[in-house]
There are 2 protein chains.
Amino acid sequence: MAWLTATYVIESEPERIEERAQALAIEQSVECPLEAVRDPRIRDEIVARVASIEPVADGRYRVAVRIATQTTGGETAQLVNMIFGNCSLWDNVQFVDLELTAELLARFPGPRHGIAGIRALLDAPRRPLTAAAMKPQGMRVGELAAMCRTFALAGVDVVKDDHGIADQAYSPFAERVRACQAANAEAVRATGKPSFYAPYLIGTPRTLCEHARIAREEGVRVVLVAPMVVGLPAFRDLVDEFPEFVYLAHPSFGGAARIAPPLLFGCWAPTRRSSSTTAVMWNWPQA
Amino acid sequence: MAWLTATYVIESEPERIEERAQALAIEQSVECPLEAVRDPRIRDEIVARVASIEPVADGRYRVAVRIATQTTGGETAQLVNMIFGNCSLWDNVQFVDLELTAELLARFPGPRHGIAGIRALLDAPRRPLTAAAMKPQGMRVGELAAMCRTFALAGVDVVKDDHGIADQAYSPFAERVRACQAANAEAVRATGKPSFYAPYLIGTPRTLCEHARIAREEGVRVVLVAPMVVGLPAFRDLVDEFPEFVYLAHPSFGGAARIAPPLLFGCWAPTRRSSSTTAVMWNWPQA
């Protein structure tokens, strides 16, 4: 039997924390009174267990819960469901850490390209990297392409769509990607310095695939996705089907107050007024 | 120009609420200082506007924001992105209401079957309806089928998988659906009273489609989905591809503290200890 460890911060009166921690472990596994679980195999191998409870501040406790890996089926959506499903609805619970087993880490290995892959793409082994977002949304394709060219001529490494730029009538996806990619390529030919245009992929899974195909045909190497908007399972399918892209992750719809930002987004934490301007590398689900 | 109205509750000092409301409107539309928006068309037609600010309690304000419908592209994922994208990361903001235009409502019309469709399916025009969940997860297929038969023989209208029952080694999806659907049909033949087994569909979009096809082939009419786990855009694709199913929605991963439960789940509000036992009809995005 193998167990992953999910860690939560629970707000509670001291005299109730043990009961609350135990309730969370049951809620995230069998979801019924233990008295109703008559099969010893299920009690021993399926029911989640409280591993530790540590006070972190007044009325706040760090609670580690061991969840049986077999309950996840080794699958993205069910992993989310098991680690922060129903307890995401409890207003006194924040999901703060996750420790997977070696077997699960093999299925969720993190970024395929990583920072080394991006540096190789840019032929920039050591220097600081730069990225710029094209704003505001509402600009037409010609204006976006001109802005894309300007950024690339100025030496910006990655020029991304603002995450509000989707597939609107004023800048339809296919036309925009063709124009911006061409403008970027033209600048790269002029400067001799690598630069990449990163279009924003957003939509239902069918649209994501269609748009990814268009981007690939146009020679795009870097794309922007908001995994929480498209859904983590859809993001997984996309990455599996288009492994050649470098994916930049946008935190939109991240609901950071419920999932601790360092867990959801890696090493980066949003501040109230600057959340929109930074795209980060998505390294879910490795904490 | 058409505008939808999204409403938020913002915690703020009285002297800063106007500034915060305006910052939210900009964050959810052009995401840059208004001074940088030089095109009058974008200022007039794209930038979101604060429509009203009303105090609701000490330090809490109800803020209505008008968002240009053209920014949504009429598409599920981008609609989510526009109404609660970046501002979901602000810990002083809760998304509480949504008013769509007639044009958007035509694209997002709500439940296809609704309560009337479910009553027709059950031949139960007026009486209270019943549903039961098969628990605990960890049971093997034979045990689940026996429980499914027992519930149907007892007259339960809808017998659903617990939302922890996915595609684990101890109860693989295809085998489970075949056995439970057969057990349910056997009970219906014995009692003459309609009853429906509702399997839980969970996974990446590809898995959702595969499993929906299996369920359809087995004669399943009602399914359970957690839209926030699979992602709202993936849920939309699924419903569009399999319109014949009645969908029961599970609130798992709903993060209710950030999106007001009456908005996310319709008329139902979770309580801390009973969130898991009630499946509700999903009527997103109509509030």
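About the cut-offs
- Residues numbered from 1 in each chain as written.
- Chains lettered and ligands numbered in written order.
- Predicted model: local features only at pLDDT ≥ 70, side-chain atom pairs only at ≥ 80, totals over all residues.
- Heavy atoms only, no water.
- Helix = DSSP H or I, 4+ residues; strand = E, 2+ residues; numbered from the N terminus.
- Contact = heavy atoms within 4.5 Å.
- Areas by Shrake-Rupley, 256 points an atom, 1.4 Å probe, with all protein chains shown as cover.
- Lys, Arg positive; Asp, Glu negative; His and termini not counted.
- Charge placed at Lys NZ, Arg CZ, Asp CG, Glu CD.
- Buried < 20%, exposed > 50% of the residue type's maximum accessible area, 1.4 Å probe, protein only.
- Pairing = 2+ DSSP bridges.
- Axes fitted to C-alpha atoms, helices over the stretch in contact; angles between N-to-C directions.
- Phe/Tyr/Trp six-rings, centres within 6.5 Å; stacked < 30°, edge-to-face > 60°.
- Polar contact = N/O pair within 3.5 Å; in protein donor to acceptor, adjacent residues only side chain to side chain.
- Buried area = accessible area lost by both parts, 1.4 Å probe.
- Salt bridge = Lys/Arg side-chain N within 4 Å of Asp/Glu carboxyl O.
- Least-squares fit on C-alpha atoms with pLDDT ≥ 70 in both.
- 1 Å grid on protein atoms, 1.4 Å probe; cavity = no way out; pocket = protein on both sides within 12 Å on 5 of 7 lines; lining within 4 Å.
- Points joined across faces, edges and corners; volume = space filled by probe spheres on them.
- Nonpolar A, V, L, I, M, F, W, Y, C, P; charged D, E, K, R; others polar.
- Core = buried A, V, L, I, M, F, W, Y, C linked by side-chain atoms within 4.5 Å.
- Disulfide = S-S within 2.5 Å.

Draft legend 1. Spotlight on the overall build of chain A. Looking only at helices and strands, chain A has 11 helices and 10 strands in total. When its C-alpha atoms are laid out on the principal axes, chain A stretches across 70 × 40 × 35 Å. Expressed as a percentage of contacts within chain A between residues at least 6 apart in sequence, the contacts between residues at least 24 apart total 72%. As displayed, chain A has an accessible area near 11,200 Å², and 52% of this comes from carbon and sulfur atoms. The centroid of the 30 positive side-chain charges in chain A is displaced by 6 Å from the centroid of its 33 negative side-chain charges.

Draft legend 2. Structural view of the environment of Cys209(A). All names here are of chain A. Considering the arrangement of structural elements, one finds Cys209 in helix H8 (residues 205–217). Look at Cys209 and you get buried, because its relative accessible area is 17%. Separated by 33 residues in sequence, Cys209 and Phe242 place their C-alpha atoms 8.6 Å apart. Not counting chain neighbours up to four residues away, the residues in contact with Cys209 comprise Glu241 and Phe242.

Draft legend 3. Fine view of the sheet that holds strand S7 (residues 196–198) of chain A. All names here are of chain A. Strand order in the open sheet made by the 3 strands is S5-S6-S7, with parallel pairing throughout. Strand pairing shows two members of the sheet lacking a second neighbour, strand S5 (131–134) and S7, which therefore form its edges. Between one strand axis and the next, the sheet turns through 25° on average, direction left out of account. Of the pairings in the sheet, the one linking S5 to strand S6 (residues 158–161) comprises 4 bridges and is parallel in character. Looking at the pairing, Ala131 lines up with Val158 of S6. Contacts between helix H7 (residues 173–191) and the sheet are confined to S5, S6 and S7, with S7 contributing the most and set at about 160° to the helix.

Draft legend 4. Expanded view of the packing of aromatic side chains. Counted according to the given criterion, the structure contains 12 aromatic pairs over all chains. Where Phe84(A) meets Phe95(A), the ring centres are 5.3 Å apart and the plane angle is 20°; that geometry is what we call stacked. Residue Phe84(A) is located in helix H3 (residues 76–84), and its partner Phe95(A) is located in strand S4 (residues 93–99); the two are separated by 11 residues in the primary sequence. The exposure class of Phe95(A) is buried, given its relative accessible area of 5%. The interplanar angle of 20° and the centroid separation of 6.0 Å between the aromatic rings of Phe242(A) and Phe245(A) together place this pair among those described as stacked. In this structure Phe245(A) comes out as buried when scored by relative accessible area, which is 1%. Three or more aromatic residues link up through ring pairs in this structure, and these residues are Tyr8(A), Phe84(A), Phe95(A) and Phe253(B).

Draft legend 5. Structural view of the side chain of Asp161(B). All names here are of chain B. If you trace the backbone, Asp161 turns up in strand S6 (residues 158–161). The class of Asp161 is buried, set by a relative accessible area of 0%. Reaching out from Asp161, the side chain makes a polar contact with the side chain of Tyr197 at a distance of 3.0 Å. Discounting chain neighbours no more than four positions away, the residues touching Asp161 are Met134, Arg176, Tyr197, Ala198, Pro199, Tyr200 and Leu224.

Draft legend 6. View of the interface of chain B and chain A. Listed by partner, the interface residues are 76 residues for chain B and 76 residues for chain A. Taken over both partners, the interface formed by chain B and chain A buries close to 6,100 Å², and the fraction arising from carbon and sulfur atoms is 53%. At the junction of chain B with chain A, the criterion picks out 6 salt bridges. Its salt-bridge partner being Glu31(B), residue Lys135(A) comes within 3.4 Å of it at the nearest N-O pair.

Draft legend 7. Local environment of the sheet that holds S6(B). All names here are of chain B. Spatially, S5-S6-S7 is the arrangement adopted by the 3 strands of the open sheet, whose pairing is parallel. Two strands lie at the open edges of the sheet, namely strand S5 (131–134) and strand S7 (196–198), each paired on one side alone. For this sheet, the mean inter-axis angle between neighbouring strands, taken without regard to orientation, is 25°. Alignment of S6 against S7, held across 3 bridges, turns out to be parallel. Within the sheet, the bridge partner assigned to Val158 lies in S7 and is Phe196.

Draft legend 8. Geometry of the relation of the copies chain B and chain A. With an RMSD of 0.0 Å, chain B superimposes on chain A once it is rotated by 180° and translated 0.0 Å along the axis. Taken together, the rotation and translation relating the two chain copies correspond to the operation of a two-fold axis. Every residue of chain B has its C-alpha some distance from the rotation axis, and the shortest such distance is that of Gly231(B), at 2.0 Å.

Draft legend 9. Empty space enclosed by the protein, seen in detail. Taken as a whole and judged by the stated rule, the model has 6 cavities of 30 Å³ or more. A volume near 270 Å³ is recorded for the largest cavity. If you go around the largest cavity, you meet 25 residues; those closest to its centre are Met228(A), Phe253(A), Gly254(A), Met228(B) and Phe253(B). Looking at the lining of the largest cavity, the elements with two or more residues in it are helix H9 (227–230) and helix H10 (232–241) of chain A together with helix H9 (227–230) and helix H10 (232–241) of chain B. A per-element tally of the lining of the largest cavity places H9(A) first, with 3 residues. The residue makeup of the lining of the largest cavity, split by class, is 15 nonpolar, 8 polar and 2 charged.

Draft legend 10. Representation of the environment of Phe84(A) in the model. Phe84(A) sits in the buried class, given a relative accessible area of 2%. Residues Phe84(A) and Phe95(A), 11 residues apart in the sequence, show an inter-C-alpha distance of 6.9 Å. When sequence neighbours within four positions are dropped, the list of residues in contact with Phe84(A) reads Tyr8(A), Gln28(A), Val93(A), Phe95(A), Arg258(A), Ile259(A) and Phe253(B).

Draft legend 11. Structural context of the nonpolar core. Tyr8(A) and Tyr8(B) are the most contacted members of the largest nonpolar core, which totals 107 residues. Core analysis: the second largest hydrophobic core is formed by 38 residues, Ala145(A), Ile165(A), Val230(A) and Ile46(B) among them.

Draft legend 12. Fine view of the state of the cysteines. Taken as a whole and judged by the stated rule, the model has 0 disulfides over all chains. No disulfide involves Cys148(A); its sulfur sits 4.7 Å from the nearest other cysteine sulfur, which is in Cys180(A). Assessed through its relative accessible area of 0%, Cys148(A) is described here as buried. Summary of cysteine pairing: Cys209(A) is not part of a disulfide, and the nearest cysteine sulfur, belonging to Cys209(B), is at 11 Å.

Draft legend 13. Examining the pattern of salt bridges more closely. Going through the model one piece at a time under the given rule, you end up with 34 salt bridges over all chains. Arg149(A) is the salt-bridge partner of Glu186(A), the closest N and O atoms lying 3.2 Å from each other. Pair noted here: Glu186(A) is in helix H7 and Arg149(A) is in helix H6 (residues 141–153), with a separation of 37 residues, a long-range link. Note on Arg149(A): relative accessible area 27%, which makes it partly exposed. A salt bridge links Glu244(B) to Arg216(B); the nearest nitrogen and oxygen atoms lie 3.0 Å apart.

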